[in-house]
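What follows is the residue order along each chain.
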Amino acid sequence: MKWQGIWRDNETYVVTEDPSKPKFYLLEMFPYPSGELHVGHVRNYTIGDVISRYKRARGYNVLHPMGWDSFGLPAENAAIDRGIQPDTWTWNNIAHMREQLKRMGFTYDWSREVTTAFPEYYKWTQWLFLLLYERGLAYKKTAPANWCPKCHTVLANEQVEQGKCWRCDSLVERRSMDQWFFKITDYAERLLADLEKLDGWPEHIKIMQANWIGKSEGAEIDFAGPDGEKIPVFTTRQDTIYGVTYLVLAPEHPLVEKIIQGTEYEAPVRAFIDKVMRMSEIDRTAETLEKEGIFTGAYATNPVSGDQVPIWIGNYVIYEYGTGAVMGVPGHDERDFHFARKYGLPIKIVIQNEDKSLRLEEMENAYVDPGIMVDSGKFTGLGSEEGQAEVTRFLEENGMGRGKVTYKMRDWLISRQRYWGAPIPVIYCPKCGTVPVPKEDLPVILPLGLKVTSGGPSPLARHEEFVNTTCPVCGEGARRETDTMDTFVCSSWYFFRFASPYNTDVAFAKEDVDYWSPVDLYIGGVEHAVMHLLYARFITKVLYDAGLVPAEEPFQNLLTQGMVVRDGAKMSKSKGNVVSPDEIVGKFGADVMRVFMMFAAPPERDLEWSDRGVEGANRFLRRVWRQVTGEHTGEQPGAEGAPGDGVSTEGLLRIAHQSIKKVSEDLERLALNTAVSQLMELSNYIGRYQRLPKDSQSADALEEAKTALLKLLSPFAPHMAQELWEKLGYSGTIEEAGWPEYDQATIAERTVTVVVQVNGKVRDRIQIEAGSSDEEVTDRALASERIVKLLGEGPDARDKIAKVVVVKDKLVNIVTKR
RNA sequence: GCCGGGGUGUUGGAAUAGGUAGACAAUGGGGACUUAAAAUCCCCUGGGCUUCUAGCCCGUGCGGGUUCGAGUCCCGCCCCCGGCACCA
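What you see is a predicted model; the values in this text were computed from it and never measured. (Residues numbered from 1 in each chain as written. Chains lettered and ligands numbered in written order. Predicted model: local features only at pLDDT ≥ 70, side-chain atom pairs only at ≥ 80, totals over all residues. Heavy atoms only, no water.)

Draft legend 1. Region of the structure containing helix 26 (residues 774-783). Looking only at helix 26, the buried set comprises Val777, Thr778, Ala781 and Leu782. One side of helix 26 holds all its buried residues, which, seen down the axis, span an arc of 125°. Opposite the buried face of helix 26, by more than 90 degrees, sit the exposed residues Glu775 and Ala783. (Buried < 20%, exposed > 50% of the residue type's maximum accessible area, 1.4 Å probe, protein only. Helix = DSSP H or I, 4+ residues; strand = E, 2+ residues; numbered from the N terminus. Arc of directions from axis to C-beta.)

Draft legend 2. Local environment of a negative patch on the surface. Together, Glu769, Asp774, Glu775 and Glu776 make up a negatively charged patch on the protein surface. The biggest single contributor to the negative patch is helix 26, with three residues. With respect to the element layout, Asp774 can be found in helix 26. (Patch = residues over 30% accessible without salt bridge, like charges linked within 9 Å, V, L, I, M, F, W, Y side chains within 5 Å. Areas by Shrake-Rupley, 256 points an atom, 1.4 Å probe, with all protein chains shown as cover. Salt bridge = Lys/Arg side-chain N within 4 Å of Asp/Glu carboxyl O. Lys, Arg positive; Asp, Glu negative; His and termini not counted. Charge placed at Lys NZ, Arg CZ, Asp CG, Glu CD.)

Draft legend 3. Representation of the packing of aromatic side chains in the model. Under the counting rule described, the total for this entry stands at 46 aromatic pairs. Look at Phe295 and Tyr299: their rings are 5.6 Å apart centre to centre, the planes differ by 70°, and that puts the pair in the edge-to-face class. Here Phe295 falls in the buried class, since its relative accessible area comes to 18%. Since its relative accessible area comes to 41%, Tyr299 is described here as partly exposed. Plain terms: the ring middles of Trp412 and Tyr535 are 3.7 Å apart, the flat faces sit at 5° to each other, and that makes the pair stacked. In this pair, Trp412 sits in strand 19 (residues 412-413) while Tyr535 sits in helix 17 (residues 532-545), placing the two residues 123 residues apart along the sequence. The same class applies to Trp412 as to Tyr535, namely buried. An aromatic cluster is present here, built from Phe30, Tyr121, Trp124, Trp127, Trp493, Tyr494, Phe495, Phe496, Phe498, Phe508, Tyr522 and Phe555 joined pairwise through their rings. For the cation-ring pair, Lys102 lies above Trp110, with the distance from its terminal atom to the ring centre recorded as 5.4 Å. One cation-aromatic arrangement involves Arg167 over Tyr32; the distance from NZ or CZ to the ring centre is 5.7 Å. (Phe/Tyr/Trp six-rings, centres within 6.5 Å; stacked < 30°, edge-to-face > 60°. Lys NZ or Arg CZ within 6 Å of the ring centre and 35° of its normal.)

Draft legend 4. Inspection of the environment of Ser415 at higher detail. Tracing the backbone through its elements, the reader meets Ser415 in strand 20 (residues 415-416). Judged by relative accessible area, which is 0%, Ser415 ranks as buried. Spatially, the C-alpha atom of Ser415 lies 9.4 Å from that of Thr482, the residues being 67 residues apart in sequence. The residues contacting Ser415, other than those within four sequence positions of it, are Thr153, Val154, Gln179, Trp180, Ile424, Asp483 and Thr484. A polar contact is formed between the side chain of Ser415 and the backbone nitrogen of Trp180, at a distance of 2.7 Å. (Contact = heavy atoms within 4.5 Å. Polar contact = N/O pair within 3.5 Å; in protein donor to acceptor, adjacent residues only side chain to side chain.)

Draft legend 5. Structural context of the packing of helix 20 (residues 611-629) against helix 22 (residues 672-690). Orientation of helix 20 relative to helix 22, taken along the N-to-C sense of each, is 40°, at an axis distance of 10 Å. Relative to helix 22, the element helix 20 is oriented oblique. Taken as a pair, helix 20 and helix 22 cross one another with a handedness that is left-handed. Every residue of helix 22 that contacts helix 20 at Phe620, Arg623, Val624 and Gln627 is listed here: Leu679, Met680, Ser683, Asn684, Ile686, Gly687 and Gln690. Taken together, the residues that form the contact of helix 20 with helix 22 break down as five nonpolar, five polar and one charged. (Axes fitted to C-alpha atoms, helices over the stretch in contact; angles between N-to-C directions. Parallel < 35°, antiparallel > 145°, perpendicular 65-115°, else oblique. Left-handed = near helix turned anticlockwise from the far one by under 90°. Nonpolar A, V, L, I, M, F, W, Y, C, P; charged D, E, K, R; others polar.)

As structure tokens, then:
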């Protein structure tokens, strides 16, 4: 507490741009102000704070900011449940959580605090929308969207998990609505390609993003419908074009209506479509769903082979992907194979494996591997890969189709039919149509004090004063857009605002973002692997293209920390296994909480909460206190133990310097748990050393070991390290004293323990002078008591040896003849 | 199904470049101090065996392999966790 006040009063952690120092931009994902800091936050922010303090001690100019992702649905729900205004609720939560953060002793530069729900911030979120609009990257269209009935709004694709809303788990429905989108698909290729540049990202996150983007290279082939109209299909297997025996359209496909009209197939096809369309999204995409289809009565022509093939409708064809129509190649596609078998459609083999062993009557599965094209007209004999290129060329030369790349990723739907968000800055004029709000009119203020109710249209849409406005172009009466933006828009650029938070006339100043960008280390949960992290990369690229930021990628290094669990399960109120950080901090102090969380598990893995572990951390810090001050911390004196063997001044200095090396390296590679364990080892040794007779202790060496311990401990337990620093008689902050450097000569041991193995099994250990030659080591090993016992002495032993392997100063392995 | 990550004592975890498996903790046990308890300090804490002041065998999910030597590399399985999921 004492030091927190001093840090604040001296503005220790307020940073300014300083070109004379190397910069380090450290960022943790800012929280949604839910009301209470939970242990997951504490873990995330402690990891960041440890790195921040370490980098600062190392002389970096560290930007370490904090803010609030403060728009969003829970505020509205709280308003409904408790009758408080969303803004009041949000500001109260922020005030409370800010205090909780301060109590942890985090090194934030609070002068840069950013709150996305303040007009000073969302003005620039709206500006960002207009920037995308100008650049043709924001557009409105009517499209079927994911509607969450409980949240009363649409959701982006990324926010639907297994057919359910990511927030409330409700089953998502399909609704056709007029919506604003950001054209993230224009950046699909770059978002994919630039993943390769992100060396500092965990591989699995990059893979998740690549899968989400879902690039497929193939071709679009124009089949001819019954009246000669084009029916394009997308395929990645152009080489199987001669194996097409039918076509399948998605039930939504516009051509369906046309080809069944007035035919005997009309009624049954309609019934089939109705059935499919009535299914919920989750049922329709469930893996258990039986593939079903129905014949339309119409036929299409294969442009390459000239074959006439029946047109079917299938429940498994997705209208939004590719062209919403697929060619059925049962011989070489698993799904098509089963569909063909089920409905008695013909199967053709057009790809043979090398040994020509495929026989139609023996096939139980499709042959999906590459092979040699057979029965494929002029392409017969080509390999699959070559065939794909040749078929594509043939299609293009004859106007029958074209090479095509398709992505699974869809455009980012940003409209939300909710109140507590940044209003979309658009006006609809009966005369001028859709008109963006001029930049000088920003922000479009979100009116406060509205009555928020559950269900029905958003309060904004019912608030006439907000809705009614004048057209900025013609001045006539017009209406405002009443949807607000997805909160992920707010969080897709906040890291630039932190670099330049004071500006009122620009979103961020060029020189500020030039100095600070990119974020050197970004820390947060995996749950944002494809949402926030993809959106932030997209927006950064847009800003880069507009010449506003210097970096094409926002986050140089990424650390995705694991969850905090208890009894193996995620903490939740309903399970009653929630740990309150306030309680722990109140009982043991922030340092104990910090040390426990850093020690209990490596950052990227889940951390199992353990009350016993917290007590262990407490014991460790109390011991350090006693060792440094010589004071007792409540225990009775007189129960001193023996120092144990092998404790020496030389040993003390060695472990002190080894610890400097080890802790520094561990901090660099973010192995914070092993860094703490090294500190424990150092402390254990100091304890044993202090139990030596006073006259064999070196005060200088002890002082050196103590200061090393405190400096190394200071990122983890800053309050205590600082207090002890003062007690040792030093002035100023321990951080200003700098990070310790180790001396290699002190670490080097004069004698080393070498393991002696016989045939790979450890048989003895010998003490030997460091740097001894292989011959010396071998001689010593053979002379050792245990080896003599096993192999005999002198020439006897030498006769039995086939080979000796020596690893310098570590190990010698004697291999005997068999 | 596909793609990732993982499987090490009673538990959390360590072993960073193929070289002493189990560091550091937690738990449990024993002891010291104490009238007693707490706190503190010391010792032990993977399994089995034996001739027990000492030593042997087994042991990193399972089965093979490479190597003087494998938790680590290769092949084939099993299980757990995460992501995607009829994507043509």
